[in-house]
Amino acid sequence: MHADDGKLFREHFQQSSRAPVPMPRSVEEVLKTPSGGITKWEIGRLARSMQVASVAGLVEPGVGIAATLISQQMTNTTRYVDFSNAGEWIEAISWARAQPDFNAHAAWSERVQNVGEAFARLIKRGFNAEITAYGVALPEQSHTAILDQIEAHVRLIGGEECAKQIFRILNDANSTHDGFFVFGNRVFSHKGSNGPAYPWGWLLALAIANFNHHPKARKPAVVWRNLIDLASDFAAAHDCQRYSQYEQLTSVPGEDFETVMRETMLWREFFSMPQGPYQLFDKVADALNSILTAEDRIALGFDMGTLQSEIRYLLSKTNTYSLNKITADAFRARTPMLWQKSYGRRGVVNKGFRKPSETSLRDHERFLALESFDGDTILLPRPLAANTACEMIFRELWTALPRSRAAKIIGDVLETLISASCQSKVRGIAQHDVRYTADKAKYQIDVGTREQDTIVLFETKAKSLTAGSRSGFTHSAFKDYADSFLAMLVQLVRHDHYLRTIPIPPLTSEPICPEKTKLFKVAVSPLSYGPIMDRLLNTNTITALVGRTFHSVEPTREYEKAMSDFNGAMREIADGLTKIIEPDSEGRLDVFPYFIDVYWIDLGQLLYALDRAPSVSAAFLPLKHLTFGSRDFWTEIAFADQQGHTVRHGWRPAAKG
């Protein structure tokens, strides 16, 4: 399908109005083709585009209704003629016009309704929108004009005041919990209660980019309201927000995987901010100190102990949920190394950043301290600063040391911390570096625990999310996903298979019986990848991906390698699952139940859960059969706490305030 097929469909619709086909044949009969053509999924995408366009007032409602009625008649295994076949499509649309539902009130999904209404408000403000087969979009001129207005509003209010206001609103809205911000995609089950969210993550980055602008607005409240309303509609127009708990709850078609991945990455840039537990840095620093050799310390070119001491001091000066300011002189005198390495100058940090996809320009997450318009030093709230501190330490390792050595050190840090945390909580066996031999090959489990009839396996990968993925480059996202989660999943599935076939001491003295032994598989990354890590989302996507192969439409070596690595990892996973799961009568694997016990989390999230849980296995129980649809670990925990699910599994209560 081509982007301009939306225009062809609308032309066919108008022609069917002027000269309808009498007694039209069924959709399947008139559009079916033996080869080539387009699929039900592609026509469904076009139908959704027409739905949004009709809500936005860009086309009459009948266009969306006709496209929808036609797509509903199609099957997944059939190919259909493309839109260049005017006669066939005019007849198919004539069939849709003859259906009783054509004249019924259009009842679109909440997502279609909200996206369409956002476009309608933008059009009312004087901006343009264009229709393609894949969705409604803002043309470049309107896109730029909106960004100009938003940036102008931020500068009138002042960058620092904007940032203060963002955190003030998050506090007032009770979007905080146990030392974290609740940024998740909060959706509710009753229809009509979910509207476009405010893109606080993106607005904070814009505010920081304009810390060199002091407040100038004569009516700041009016400017602020205009800013957040326009920003909300702009974000909604990018169509990456979910408005229903049930959207993608049970299945994600394989054809939608690329779209879902792109949407989740874009949602991360608009609506979220990376954060970590306050104690995370201390634990990472202590583990790192036990692993670094004298040669490593020389190669770093700076005193790691001094840097850690300065970071600890600065973190102690942060507020939990609001900005804090200290004088530049005090900052420079007390933390001279951070003054050189992690001080974001006003007008320089995030310089030129405007679009959420411009992650190469969004560099404030590299700095622990930021210069305000009056020359003082601004410290971001503690959970954001804690994440920045850990990211900084890891980045220093990647920058100063050979990649293989940096990867080894970071991997060892993860394993050391996981092992130590498990040792403090386990009611049984906790073993680091479990080695075994099977089928004449040697394998290693990073960390494994056993508590009575429950085994938990941990695999780690020293791989963080790249700027390419955050910018929406599909091949980068596929590569990151394959090199991180899928790489760990390959190992976890393999260990699961061998645990069922051979003894792996000290975890087992004989092969396990799946009916009697519970097995959690946990993949751990150093830092968060955002909503793509969501357990239910991964359960649905992996289920859809098993047995599928992806190809790149861009014939470049980089793109083709990304697809090749992704397909190779999926084949290994599928091969491993065939040794574990019994196929049905048609030879298909029902892998959904298997992935209910698979988790992908970052180090800070894992250590937080282990700290609050009474045992290792209990750390994973509150969210095992439960989801609030937020696709954010901290939001899921907040809701689980509020509804008593964590207490039910023995977690200590969350801190108040």
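Residues numbered from 1 in each chain as written. Predicted model: local features only at pLDDT ≥ 70, side-chain atom pairs only at ≥ 80, totals over all residues. Heavy atoms only, no water.

### A look at the overall build of the chain
Logical step 1: Scanning the chain from N- to C-terminus turns up 26 helices and 15 strands.
Logical step 2: Taking 657 residues into account, the globule formula puts the C-alpha radius of gyration at 26 Å, and the chain, at 27 Å, falls close to it.
Logical step 3: Projecting the C-alpha coordinates of the chain onto the three principal axes gives extents of approximately 85 × 75 × 50 Å.
Logical step 4: Across the chain, every contact between residues at least 6 apart in sequence was considered, and the portion connecting residues at least 24 apart equals 80%.
Logical step 5: As presented, the chain carries roughly 27500 Å² of accessible surface, and 50% of it is formed by carbon and sulfur atoms.
Logical step 6: The centroid of the 74 positive side-chain charges in the chain is displaced by 4 Å from the centroid of its 75 negative side-chain charges. (Helix = DSSP H or I, 4+ residues; strand = E, 2+ residues; numbered from the N terminus. Rg over C-alpha atoms; globule rule 2.2 N^0.38 Å. Contact = heavy atoms within 4.5 Å. Areas by Shrake-Rupley, 256 points an atom, 1.4 Å probe, with all protein chains shown as cover. Lys, Arg positive; Asp, Glu negative; His and termini not counted. Charge placed at Lys NZ, Arg CZ, Asp CG, Glu CD.)

### Focus: the packing of helix 7 (residues 140-157) against helix 10 (residues 220-237)
Logical step 1: As a packed pair, helix 7 and helix 10 sit with axes 9 Å apart at the nearest point and diverge in direction by 150°. Here helix 7 is positioned roughly antiparallel relative to helix 10, judged by the angle of their axes. Seen from above, helix 7 lies across helix 10 with left-handed handedness. Between helix 7 and helix 10, the contacting residues are His143, Ile146, Leu147, Gln149, Ile150, His153, Val154, Leu156 and Ile157 on the first element and Val223, Trp224, Asn226, Leu227, Leu230, Ala231 and Phe234 on the second.
Logical step 2: Residue composition of the contact of helix 7 with helix 10, grouped by class: 12 nonpolar, four polar and no charged. (Axes fitted to C-alpha atoms, helices over the stretch in contact; angles between N-to-C directions. Parallel < 35°, antiparallel > 145°, perpendicular 65-115°, else oblique. Left-handed = near helix turned anticlockwise from the far one by under 90°. Nonpolar A, V, L, I, M, F, W, Y, C, P; charged D, E, K, R; others polar.)

### Overview of the pattern of salt bridges
Close approach of charged atoms allows side chains of opposite charge to pair.
Logical step 1: By the definition in use, this model includes 35 salt bridges.
Logical step 2: Between glutamate 161 and arginine 168 there is a salt bridge whose closest N-O contact spans 3.8 Å.
Logical step 3: Residue glutamate 161 is classed as partly exposed on the basis of its relative accessible area, which comes to 28%.
Logical step 4: For aspartate 597, the salt bridge goes to lysine 518, with nearest N and O atoms at 3.0 Å. In this pair, aspartate 597 sits in the loop between helix 23 (592-595) and strand 15 (598-602) while lysine 518 sits in strand 14 (residues 518-525), placing the two residues 79 residues apart along the sequence.
Logical step 5: Taking relative accessible area as the criterion, aspartate 597 reaches 8% and is therefore assigned buried.
Logical step 6: Taken together, the shared-partner salt bridges in this structure form one network comprising Arg48, Arg111, Asp239 and Glu263. (Salt bridge = Lys/Arg side-chain N within 4 Å of Asp/Glu carboxyl O. Buried < 20%, exposed > 50% of the residue type's maximum accessible area, 1.4 Å probe, protein only.)

### Side note on the sheet that holds strand 7 (residues 324-326)
Logical step 1: In space, the four strands of this open sheet follow the order 7-10-9-8, with mixed pairing throughout. With partners counted over all chains shown, the strands left at the sheet margins are strand 7 and strand 8 (343-344), one partner each.
Logical step 2: Pairing between strand 8 and strand 9 (residues 369-371): two bridges, direction parallel. Note on strand 9: the bridge partner recorded for glycine 344 is leucine 370. (Pairing = 2+ DSSP bridges.)

### Comments concerning the side chain of glutamate 42
Logical step 1: Summarising the element assignment, glutamate 42 is placed in helix 3 (residues 40-56).
Logical step 2: Although glutamate 42 lies buried, it forms no salt bridge, and the closest oppositely charged side chain, arginine 79, sits 4.9 Å away as judged by the N-O distance.
Logical step 3: At 2.9 Å, the side chain of glutamate 42 and the backbone nitrogen of threonine 39 are in polar contact. (Polar contact = N/O pair within 3.5 Å; in protein donor to acceptor, adjacent residues only side chain to side chain.)

### Section: the side chain of histidine 364
Logical step 1: Note that histidine 364 resides in the loop between strand 8 and strand 9.
Logical step 2: For histidine 364, a relative accessible area of 4% corresponds to the buried category.
Logical step 3: Apart from the residues within four sequence positions on either side, histidine 364 is in contact with Ala205, Ile208, Val349, Asn350 and Leu380.

### Let's talk about the sheet that holds strand 12 (residues 441-451)
Logical step 1: On the basis of which strands lie adjacent, the open sheet formed by five strands has the order 11-12-13-14-15 and mixed pairing. Each edge of the sheet is formed by a strand with only one pairing partner; in this case those strands are strand 11 (429-438) and strand 15. Ignoring which end each strand starts from, the neighbouring axes of this sheet average 30° apart.
Logical step 2: Taken strand by strand, helix 18 (residues 403-425) contacts strand 11, strand 12, strand 13 (454-460) and strand 14, and its axis lies near 35° from that of strand 12.

### Section: the pairing of strand 15
Logical step 1: Burial runs high along strand 15: five of the five residues are buried.
Logical step 2: Every second residue of strand 15 is oriented toward a common face, with Val598, Trp600 and Asp602 on one face and Tyr599 and Ile601 on the other, all of them buried.
Logical step 3: As paired elements, strand 14 and strand 15 share five bridges and run parallel to each other. Bridged to valine 522 within strand 15 is tyrosine 599.

### Notes on helix 1 (residues 5-18)
Logical step 1: Here helix 1 spans 20 Å end to end across 14 residues, near enough to the 20 Å set by a 1.5 Å rise per residue.
Logical step 2: Taken residue by residue, helix 1 has Asp5, Gly6, Phe9, His12, Phe13 and Ser16 as its buried positions. The buried residues of helix 1 occupy an angular sector of 120° when projected down its axis, which confines them to one face.
Logical step 3: Buried-residue contacts for helix 1 involve helix 3, helix 4 (61-72) and helix 5 (86-97). (Expected span 1.5 Å × (residues − 1). Arc of directions from axis to C-beta.)

### Concerning the nonpolar core
Logical step 1: Judged by nonpolar contacts, the single largest core of 90 residues is most densely connected at Phe9, Leu31, Ile70, Trp89 and Trp202.
Logical step 2: Ranked by the residues each element gives to this core, the list is headed by helix 10, at nine residues.
Logical step 3: With 73 residues, the next largest nonpolar core counts Ile291, Leu379, Ala613 and Trp651 among its residues. (Core = buried A, V, L, I, M, F, W, Y, C linked by side-chain atoms within 4.5 Å.)

### Some words on the pairing of strand 13
Logical step 1: Within strand 13, seven of the seven residues are buried, which leaves the element mostly enclosed by the surrounding structure.
Logical step 2: The alternating pattern of strand 13 places Thr454, Val456, Phe458 and Thr460 on one face and Ile455, Leu457 and Glu459 on the opposite face, and all of these are buried.
Logical step 3: In this structure, strand 12 lies alongside strand 13, joined through five bridges in antiparallel fashion. Bridge pairing in strand 13 places threonine 449 opposite valine 456.
Logical step 4: In this antiparallel pair of consecutive strands, strand 12 and strand 13, the connection spans two residues, and glutamine 452 shows a positive phi of 55°.
Logical step 5: Sheet topology note: the strand 13/strand 14 ladder contains seven bridges and is parallel. Each bridged residue has a counterpart across the sheet, and for threonine 454 the counterpart in strand 14 is lysine 518.

### With respect to the environment of aspartate 376
Logical step 1: Among the structural elements, aspartate 376 can be located in the loop between strand 9 and strand 10 (377-379).
Logical step 2: Separated by 210 residues in sequence, aspartate 376 and isoleucine 166 place their C-alpha atoms 20 Å apart.
Logical step 3: Apart from residues lying up to four places away in sequence, aspartate 376 is in contact with Lys325, Ile326, Thr327, Ala328, Tyr343, Leu370 and Glu371.

### Regarding the packing of aromatic side chains
Logical step 1: Enumeration over the complete set of coordinates arrives at 41 aromatic pairs.
Logical step 2: Geometrically, the ring pair formed by phenylalanine 9 and phenylalanine 83 is edge-to-face, given 6.1 Å between the ring centres and 90° between the ring planes. Of this pair, phenylalanine 9 sits in helix 1 while phenylalanine 83 sits in the loop between strand 2 (79-80) and helix 5, and the two are 74 residues apart along the sequence.
Logical step 3: What makes phenylalanine 9 buried here is its relative accessible area of 0%.
Logical step 4: The class of phenylalanine 83 is buried, set by a relative accessible area of 1%.
Logical step 5: Taken together, the ring pairs in this structure connect Phe257, Phe478, Tyr481, Phe485, Tyr529, Phe550, Phe566 and Trp600 into an aromatic cluster.
Logical step 6: Here lysine 341 stacks its cationic end above the ring of phenylalanine 302, 4.3 Å away from the centre of that ring. (Phe/Tyr/Trp six-rings, centres within 6.5 Å; stacked < 30°, edge-to-face > 60°. Lys NZ or Arg CZ within 6 Å of the ring centre and 35° of its normal.)

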